[in-house]
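# Structural characterization, general
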Amino acid sequence: MDSHHSYSQVKGVSTGTTILAVKFNGGVIIGSDSRASMGESYVSSKTINKLIQVHDRIFCCIAGSLADAQAVTKMAKFQLSFHSIQMESPPLVKAAASIMRELCYNNKEELQAGFITAGWDRKKGPQIYVVSLGGMLLSQPFTIGGSGSTYIYGYVDAKFKPDMSLEEAIQFSTNALALAMGRDNVSGGVVHLVVITEAEVKHVVVPGNKLPKFHDE
Amino acid sequence: MSSIGTGYDLSASTFSPDGRVFQVEYAMKAVENSSTAIGIRCKDGVVFGVEKLILSKLYEQGSNKRIFNIDRHVGMAVAGLLADARSLSEVSREEASNFRSNYGHDIPLKHLADRVGMYVHAYTLYSAVRPFGCSFILGSYDEDDGPQLYMVDPSGISYGYWGCAIGKAKQAAKTEIEKLQMKEMTCRELVKEVAKIIYIVHDEVKDKAFELELSWVGEVTKGRHELVPKDIKEEAEKYAKESLEEEDDSDEDNM
């Protein structure tokens, strides 16, 4: 297992994690679990926040080394804020993702963190961008990431529909995260969801005992 | 005539007692010695026209361009010291390219104008360098923000415009531009009017031959800045020459 997962070779605290983002009709939902682990067996935090707000309508979810991810998002938040003030308008989601990509690509030797950047902007509406470990930037209608994501590829591929309603999208995200947290030992805790639309940003927390249960629970 | 700034005009790092920086004003004079360039913004795009004076019959046609492509969607027309203008077009290109590299999308024109304006302004602060002796007009078209037109002068200030002119005949050109209802025109209509204005302001007596440089960016070019195609340019020049003849004829009638 060690040789396949780069996350397990991360020194210090890692977010062995499950993160996802999905576009629905009118907005985007970004979600994650809340467990931070050290090595395979110690849970260093049960309630960590992996959904970082980098601007009014743009969030990043983080996977990999927590230290690296926090450093990158802090830098990106600063650059994005400056850029937005210079432009005299809210930043494009693509601009936020590009900033993350530049940071990840130019420092790829030192960093070990991947991101999902999602949000809403006036030009293209709801968007999701994946910024992977080495600095690849890709736009997708939905995406999953982190160590727990490997257990739910089948589920999301089968269940995703474009243009879902808000309720359908929340159900989709909660189910996906619950399934991943059920099988991945380094993902767990509560489900954090953030719903981003033109009008507002809404946090939804689903505690462990309220998560959907499946056949074997 | 301009006032003489004796003693306070030797470097850009000196103010005069009445609060002027003469070196910057002298730089603007350099722009006024150059032939005219105009830019007009209409409903669905921006059109540039430049009166390119031909100083020698030996010049290759189309050389010594005064209109530059800064990015796919941005064009720049210049007046003043051409060497300075070319250097600034390179600076603008780098700005636009760096922006795209960092932020993943086309640079908004206002931001580009601000950035290049800041660069031009930096050269007005020190005695070790001289200010740039050129003004330039930047234009772009974007589906969401529409057409944009900005002008930057040697002091580093940039303003947004619906129509502007720089160079020796700028006053006459501005008068002609003001007669147009550009907000209701399309690029195709405007191209002919821009050609006409350049022909009108061209001084047949002092400057002999000239070549008209026309470019546009707008819905008609799908947002790309390009030189106006040969056939449309010929049509525009024909319209311009005919309009001039009509005006000459009507002058004769009055006599």
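Sequence order sets the numbering: in each chain, residues are counted from 1 along the sequence as written. Chains carry letters and ligands carry numbers; both start at the beginning, A for chains and 1 for ligands, and go up in the order they are written. Where local features are concerned, this predicted model is filtered to residues with pLDDT of at least 70; where side-chain atom pairs are given and counted, the filter is 80 or more; whole-chain, interface and lining totals use all residues. Water and hydrogen atoms were dropped before computing side-chain values, which therefore reflect all heavy atoms in the structure.

## What about the overall build of chain B?
The helix count covers DSSP runs of H or I at least four residues long, the strand count covers runs of E at least two residues long, and both are numbered beginning at the N terminus. Each helix and strand in chain B was counted, giving six helices and ten strands. Computation of the radius of gyration draws on C-alpha atoms alone. For the globule rule, the value is 2.2 Å times the number of residues to the power 0.38. Expected size for 255 residues packed as a compact globule is a radius of gyration near 18 Å; at 19 Å, chain B falls within 12% of this value. Taking the principal axes of its C-alpha atoms as reference, chain B extends roughly 55 × 50 × 40 Å. By residue count, 49% of the 255 residues in chain B fall in the buried class. We call two residues contacting when some pair of their heavy atoms lies within 4.5 Å. Across chain B, the fraction of contacts at a sequence separation of at least 24, relative to all contacts at a separation of at least 6, is 65%. Think of it this way: Lys and Arg go in the positive column, Asp and Glu in the negative one, and His and the chain ends go nowhere. The atoms used to mark charge sites are NZ of Lys, CZ of Arg, CG of Asp and CD of Glu. Averaging the coordinates of the 31 positive side-chain charges in chain B and doing the same for the 44 negative ones gives two points 4 Å apart. Buried, partly exposed and exposed residues are distinguished by accessible area as a fraction of the type maximum, computed with a 1.4 Å probe on protein chains only: under 20%, between the cut-offs, and over 50%, respectively.

## Describing the nonpolar core
Here, nonpolar core means buried Ala, Val, Leu, Ile, Met, Phe, Trp, Tyr and Cys residues that are tied together by side-chain atoms lying within 4.5 Å of each other. If you look at the biggest cluster of nonpolar residues, it comprises 49 residues, and the most contacted ones within it are Phe115 of chain A together with Ile70, Leu112, Phe136 and Leu138 of chain B. A per-element tally of this core places helix 2 (residues 93-106) of chain A first, with eight residues. Leave out the neighbours within four places in its chain, and Leu138 of chain B touches Phe48, Ile70, Val74, Gly75, Met76, Leu109, Leu112, Ala113, Gln148, Leu149 and Tyr150 of chain B. By size, the runner-up hydrophobic cluster in this structure holds 28 residues, among which are Ile40, Ala173, Leu180 and Val228 of chain B.

## A closer look at the sheet that holds strand 8 (residues 163-166) of chain B
Residues and elements named next belong to chain B. Spatially, 8-1-2-9-10 is the arrangement adopted by the five strands of the open sheet, whose pairing is antiparallel. Every interior strand has two partners, whereas the edge strands, strand 8 and strand 10 (226-227), have only one. Being paired, for any two strands, means DSSP has found at least two bridges between them. Here strand 1 (residues 37-42) pairs with strand 2 (residues 45-53) via six bridges, running antiparallel. Its bridge partner being in strand 2, Arg41 is matched across the sheet by Val46. To get an axis, fit a line to the C-alpha atoms, keeping to the stretch in contact for a helix; angles then go from 0 to 180 degrees between the N-to-C directions. Contacting strand 1 and strand 8, helix 4 (residues 170-178) runs over the sheet at an angle of about 165° to strand 8. Its contacts with the sheet place helix 5 (residues 187-201) against strand 1, strand 2 and strand 9 (210-218), and it is angled at close to 155° to strand 9.

## Some thoughts on the pattern of salt bridges
We define a salt bridge as a contact between a side-chain nitrogen of Lys or Arg and a carboxyl oxygen of Asp or Glu at a distance within 4 Å. What the rule picks out here adds up to 22 salt bridges over all chains. In this structure, Asp142 of chain B engages Lys123 of chain A in a salt bridge whose closest nitrogen and oxygen atoms are separated by 3.5 Å. With one member in each of two chains, Asp142 of chain B in strand 5 (residues 134-142) and Lys123 of chain A in the loop between strand 8 (113-121) and strand 9 (125-131) form a pair that bridges those chains. A salt bridge links Arg20 of chain B to Glu25 of chain B; the shortest N-O distance between them is 2.9 Å.

## Looking at the UniProt feature "domain: Proteasome alpha-type subunits" (unreviewed entry) in chain B
The residues that UniProt annotates with the feature "domain: Proteasome alpha-type subunits" (unreviewed entry) are residues 8-30 of chain B. Helix makes up 39% of residues 8-30 of chain B and strand 0%, with an end-to-end C-alpha separation of 19 Å. UniProt positions are given in the numbering used here, feature names are shortened, and annotations may be inferred rather than shown by experiment.

## Observations regarding the UniProt feature "active site" (unreviewed entry) in chain A
If you check UniProt for "active site" (unreviewed entry), the listed places come out as Thr17 of chain A in our numbering. If we ignore the near neighbours within four places in the chain, the residues touching Thr17 of chain A are Asp33, Lys50, Ile62, Ala63, Gly145, Gly146, Ser147, Gly148, Ser149, Asp184, Val186 and Ser187 of chain A.

## Considerations on the packing of helix 2 (residues 82-103) of chain B against helix 3 (residues 109-122) of chain B
Residue and element names in this part refer to chain B. Where helix 2 meets helix 3, the closest approach of the two axes is 10 Å, and the angle between their N-to-C directions is 135°. In terms of their interaxial angle, helix 2 and helix 3 are classed as oblique. Taken as a pair, helix 2 and helix 3 cross one another with a handedness that is right-handed. For the pair helix 2 and helix 3, contact is made by Leu88, Val91, Ser92, Glu95, Ala96 and Phe99 and by His111, Leu112, Arg115, Val116, Tyr119 and Val120, respectively. Taken together, the residues that form the contact of helix 2 with helix 3 break down as eight nonpolar, two polar and two charged. With respect to orientation, any angle under 35 degrees is reported as roughly parallel, any angle over 145 as roughly antiparallel, any angle of 65 to 115 as roughly perpendicular, and every other angle as oblique. For any helix crossing, the convention is left-handed if the near helix is rotated counterclockwise from the far helix by under a right angle, and right-handed if that rotation is clockwise. In this classification, Asp, Glu, Lys and Arg are treated as charged, Ala, Val, Leu, Ile, Met, Phe, Trp, Tyr, Cys and Pro as nonpolar, and every other residue, Gly included, as polar.

## Brief notes about the packing of helix 4 of chain B against helix 5 of chain B
All names here are of chain B. Helix 5 packs onto helix 4 with a crossing angle of 145° between their chain directions and a minimal axis gap of 9 Å. When you trace helix 4 past helix 5, the crossing you get is right-handed. Across the interface between the two elements, Ala172, Ala173, Glu176 and Ile177 of helix 4 pack against Ile197, Ile200 and Val201 of helix 5. Classifying every residue of the contact of helix 4 with helix 5 by side-chain character gives six nonpolar, no polar and one charged.

## Regarding the interface of chain B and chain A
Counting residues at the interface gives 13 residues for chain B and 13 residues for chain A. Between chain B and chain A lies a buried interface of about 1,100 Å² when both sides are counted; carbon and sulfur atoms form 48% of it. On inspection of chain B and its partner chain A, the count reaches three salt bridges. Across the pair Arg122 of chain A and Asp145 of chain B runs a salt bridge whose closest N-O atoms are separated by 3.4 Å. Buried area adds together the accessible area that both of two parts lose upon being put together, with accessible area traced by a 1.4 Å probe.

## Observations concerning the side chain of Asp44 of chain B
Residues and elements named next belong to chain B. Among the secondary structure elements, Asp44 is positioned in the loop between strand 1 and strand 2. The buried charged residue Asp44 lacks any salt bridge, with Lys43 as its nearest oppositely charged partner at 6.7 Å. There is a polar contact of 3.0 Å between the side chain of Asp44 and the backbone nitrogen of Cys187. Sequence-distant contacts of Asp44, defined by excluding residues within four places in its chain, comprise Tyr141, Pro147, Met185, Thr186, Cys187, Gly218 and Glu219. We call two N or O atoms a polar contact when they sit within 3.5 Å, provided that within protein one can donate a hydrogen and the other can accept it, with sequence-adjacent residues counted only if both atoms are side-chain atoms.

## Points about the pairing of strand 12 (residues 191-197) of chain A
All names here are of chain A. For strand 12, the buried fraction is high: seven of the seven residues fall into the buried class. Residues Val191, Leu193, Val195 and Thr197 line one face of strand 12 and the alternating positions His192, Val194 and Ile196 line the opposite face, and both faces are buried. As paired strands, strand 3 (residues 27-32) and strand 12 are joined by six bridges and run antiparallel to one another. The partner of Ile29 across the bridge, within strand 12, is Val195. With six bridges connecting them, strand 12 and strand 13 (residues 201-206) associate as antiparallel partners.

## Topic: the confidence of the model for chain B
All names here are of chain B. In predicted models, pLDDT denotes the confidence assigned by the predictor to each residue on a 0 to 100 scale. Per-chain confidence: chain B averages 92 in pLDDT, with 96% of residues scoring 70 or above. Element-level pLDDT for chain B is lowest in helix 6 (residues 230-254), with a mean of 84, against a maximum mean of 97 in strand 4 (residues 74-80). Across the interfaces of the predicted complex, the ipTM metric reaches 0.81, alongside a pTM of 0.87.

## So, helix 3 of chain B
Each residue after the first adds 1.5 Å to the expected span of a helix. Here helix 3 of chain B is 14 residues long and its end C-alpha atoms lie 20 Å apart, about the 20 Å a rise of 1.5 Å per residue gives. Within helix 3 of chain B the residues assigned to the buried category are Leu109, His111, Leu112, Ala113, Val116, Gly117 and Val120 of chain B.

## What to know about the packing of aromatic side chains
Pairing of aromatic rings covers Phe, Tyr and the six-membered ring of Trp, with a centre-to-centre limit of 6.5 Å; geometry is then stacked below 30 degrees between planes, edge-to-face above 60, and tilted otherwise. On inspection of all chains with the given rule, the structure shows eleven aromatic pairs over all chains. Taking 6.0 Å as the distance between ring centres and 40° as the angle between the ring planes, the aromatic pair formed by Phe22 of chain B and Tyr26 of chain B counts as tilted. Placement of the pair is Phe22 of chain B and Tyr26 of chain B together in helix 1 (residues 22-32), with a separation of four residues, close to one helical turn. Ring centres 5.4 Å apart and planes at 40° place the aromatic pair Tyr119 of chain B and Tyr123 of chain B in the tilted group. For Tyr123 of chain B, a relative accessible area of 27% translates into the label partly exposed. Among the aromatic residues, ring-to-ring pairing joins Phe142, Tyr155, Phe160 and Phe172 of chain A into one connected group. When the ring centre of Trp162 of chain B is taken as reference, the NZ or CZ atom of Arg41 of chain B above it lies at 4.0 Å. Think of it as a cone above the ring: NZ of Lys or CZ of Arg counts as a charge over the ring if it is within 6 Å of the ring centre and within 35 degrees of the ring normal.

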